[in-house]
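This is what each chain is made of:
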Amino acid sequence: MRLAFPGGPLIAAAAMTSLLAACGSDGVPITETNPGNGYNSTAVAFMSDVHFENIYGDLKNPNFAGIPTKDGKNATIRTMYAELTSTRLFNENYFAFRAALDDAFSKNIRLVALPGDISDDAQPINIDGIADILHEYQGKGMRFFIAPGNHDPNEPFDDDEAGKNDFLTRDGKEQKIYATGAAACKTKDPAVICTNQLMEQGYEKLLTKLGDFGYTPNQNDIYWETPFTKYADGKYSYSAAVAAADLGKRQFEICAEGEGGSYKAAGEAKLGKAYTRCGNIIDASYLVEPVKGIWLLALDANVHIPNAKFDPSNPTSFKGYDGAGDAGWNKVLTHKIHQMEWIKSVTERAKAQGKQLMAFSHYPTMDFYANQTSAMKAVFKSGAFQITRMPDAATTAALAATGLPLHMGGHMHFNGTNDYKDAAGNYLVNVQSPSLAVFGAAYKIVSYQSKDQIDVQTVALNSVPRYNELFPLYQTEYDYLQGSVLASDVAKRWNRGILDTRSYGEFTRTYFGELSRLRFMGDYWPCEMKEAAMSLDARQMLILSQLQTRVTLAQLKDNPGVLPITAACAAKGAVADGGVAASQLTADWAAATAKAEQLAAAANLKLADFAKISAYEFYGDFHRTVYAGELALRDMGAERVAQYKVLMAAFPASPAAIARIGDQPSDQNPVHVLFQNQFKQVFAILKGLGSGKPSDHFTIDLKAKTLSNASSSGLSFN
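Residues numbered from 1 in each chain as written. Predicted model: local features only at pLDDT ≥ 70, side-chain atom pairs only at ≥ 80, totals over all residues. Heavy atoms only, no water.

It is worth spelling out the confidence of the model for the protein chain at this point. Here the protein chain averages 94 in pLDDT, while 95% of its residues score no lower than 70. Confidence drops under pLDDT 50 across residues 1–34; counting only partners more than four residues distant or on other chains, this segment forms 79 contacts. (pLDDT = per-residue confidence, 0-100. Contact = heavy atoms within 4.5 Å.)

Take a look at the structure:
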């Protein structure tokens, strides 16, 4: 018998000595490849950031049973506006997750790793719902291995004050639904539905409910341990592993300043003062060998640091700990020292025993924006694109020094790959598995093709059965918003075109256009850049890149028909002597148009066709590329990629500096100066994001320390 890996070669007989039958936790046989003296090519699927919401779940409050559907079910869903202003979908992921599991199953994949954020805030309704689905597919022979994310848990301990403001009602309005500990529930606010189905569960409940999915050992696992496991005489047994899985044995002391316990004295000496605000929390990490030769290292990189609200007399209050979203691996180095030591131990043992190690956590271990982070910081607003989540260079170096060869991450909903080599010969590859709940929805398939060769494939999730099942309910919301004259409702109107989409891929593409319009442009782009990006099509951009004029921004109002930008974002400056008439812009624009036509023609393109890239399409493309990388270029198509390449090369080598008044540009800047200076950088970032290291189908050579593109059909801005 031989197993085929989709897209890869058949397993060579010399690399296999036998096939062993094993059983999953539900007693269903699964197929295991025995590597013998060779390697194990069993594929593992990585599905990150599912953000599952149980849209047909029961909130267990008779005052809100959801919206009745034609199928006799009740939908407990969030509004479309909530989806279009969030960096993840809430409702359609219900269908996307099933589609991904079905696709993986059809490809003969039986091992699935979930690198965190399997739910949207770990509420009982959602955790119970996804557990039911995982048990269903486990009954078919699949195995699941979860690493925790910052949304599961949101806090290390239960939060009974949580809730959401934007559940959809049958008349298209928003409904607030909170857990019973919320202030509005305690005061019996009639506008609020109260149910503990929306409490946010901490580690103890999560690991208890999800124990079958890696958090506790399976009797058919070959090996299982935690960072705290000490097996007597080094001998593994299932009974010993069950004892080691006890939550009381998986805790460590965390303090505001760093990890406590045995590390406290050294930390205090280094810091020069005593550690404060110390409490015990769970580290959910584990190592499992589900099939012979493959080690899956599930790392809990959540770091919940005790904050100013920490109460030593009530150390399990969720309010006493910070969220983990921005901490990531940067804080693991100081607040989970035991875990760093354990990773080093695991990698050393894996190498000594010939194990094929695949590590995964929720957080990236190195730059996840194709090394464009510094440029993005310089161009966009402070904190834009969640740059605060970027691992420090020292963090990457420390993780590489453990000897870890491969890490699969999530968190950023970004499709990308990066690698790092150090002087000691360590080589670490970080693969970002995209979210199933955004544009570029996809999962990764990872398999060893030899001891040192790893194959990584990206499976795009463009076709999802039933993805539009809720559209009639959104139509009611749309009609309500269109009919309402309340300013708060008018501000929430969205583009109905999303309800005309014909596939999940098209739906998520449109979602990202609206997300860009409704949120990203205001949150991330400086005023004058936002105006240009939301006003100019690509034809106008190419002409503007060639424009040379003395007409100023302040004069645009006197010749408004040339291009649709203003001086609204500029500070009023003193008019310089020797200016030119505003009418001169018409002639200067004509000269720039002729140059732009030449640039387009040199690339076998027509300038007029650039106008097909509207402002809405441009900034949508930019944000889609930020998140999906190489997958976004596939969506654009070859012609649009070629058009963007012309723009990327069109700007002056050294654009004129921007004259400023305080922090604002002066309105006495010539019309072209701001655009050429700023958008030269924007297009350079776009080029970098679309020309990063292979992220679709590629191979990792651990011996040669290289990444190689395995696809000849991919598009690039290079």
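A word on empty space enclosed by the protein. The final tally for this structure, using the stated rule, is 4 cavities of 30 Å³ or more. For the largest cavity, the calculated volume is near 150 Å³. Surrounding the largest cavity, 17 residues form its lining, E528, E531, L553, I565 and L674 being those nearest its centre. Elements supplying a minimum of two residues to the lining of the largest cavity: α16 (527–533) and α22 (671–689). Taken together, the residues of the lining of the largest cavity break down into 13 nonpolar, 2 polar and 2 charged. (1 Å grid on protein atoms, 1.4 Å probe; cavity = no way out; pocket = protein on both sides within 12 Å on 5 of 7 lines; lining within 4 Å. Points joined across faces, edges and corners; volume = space filled by probe spheres on them. Helix = DSSP H or I, 4+ residues; strand = E, 2+ residues; numbered from the N terminus. Nonpolar A, V, L, I, M, F, W, Y, C, P; charged D, E, K, R; others polar.)

Position of A568 relative to the elements: it lies in the loop between α17 (538–546) and α18 (584–602). Here A568 falls in the exposed class, since its relative accessible area comes to 66%. For the pair A568 and D667, spaced 99 residues apart in the sequence, the C-alpha separation amounts to 8.6 Å. (Buried < 20%, exposed > 50% of the residue type's maximum accessible area, 1.4 Å probe, protein only.)

With an omega dihedral of 10°, the bond running from D152 to P153 counts as a cis peptide bond. Phi at K705 takes a positive value of approximately 60°, unusual for a residue other than glycine. Tracing the sequence through the fold places K705 in the loop between β24 (697–701) and β25 (706–709). The class for K705 is partly exposed, based on a relative accessible area of 24%.

The final tally for this structure, using the stated rule, is 34 salt bridges. Notably, a salt bridge pairs R509 with E617, separated by 2.8 Å at the nearest N-O pair. Separated by 108 residues along the polypeptide, R509 in helix α15 (residues 504–524) and E617 in helix α19 (residues 615–628) bring together distant segments of the chain. For the residue pair R509 and E617, the accessibility class agrees, reading buried in each case. In this structure, R640 and E617 form a salt bridge, with 2.7 Å as the shortest nitrogen-oxygen distance. Of this pair, R640 sits in helix α21 (residues 638–648) while E617 sits in helix α19, and the two are 23 residues apart along the sequence. (Salt bridge = Lys/Arg side-chain N within 4 Å of Asp/Glu carboxyl O.)

For α21, the set of buried residues is R640, V641, Q643, Y644, V646, L647 and M648. Its buried side turned inward, α21 meets α15, α17, α18, α19, α20 (630–636) and α22.

With that out of the way, let us pick up the environment of Q548. The topology assignment puts Q548 in the loop between α17 and α18. Taking the C-alpha atoms as reference points, Q548 and P670, 122 residues apart in sequence, are found 8.3 Å from one another. Non-local contacts of Q548, meaning those with residues more than four positions away in its chain, are made with D588, H672 and Q676.

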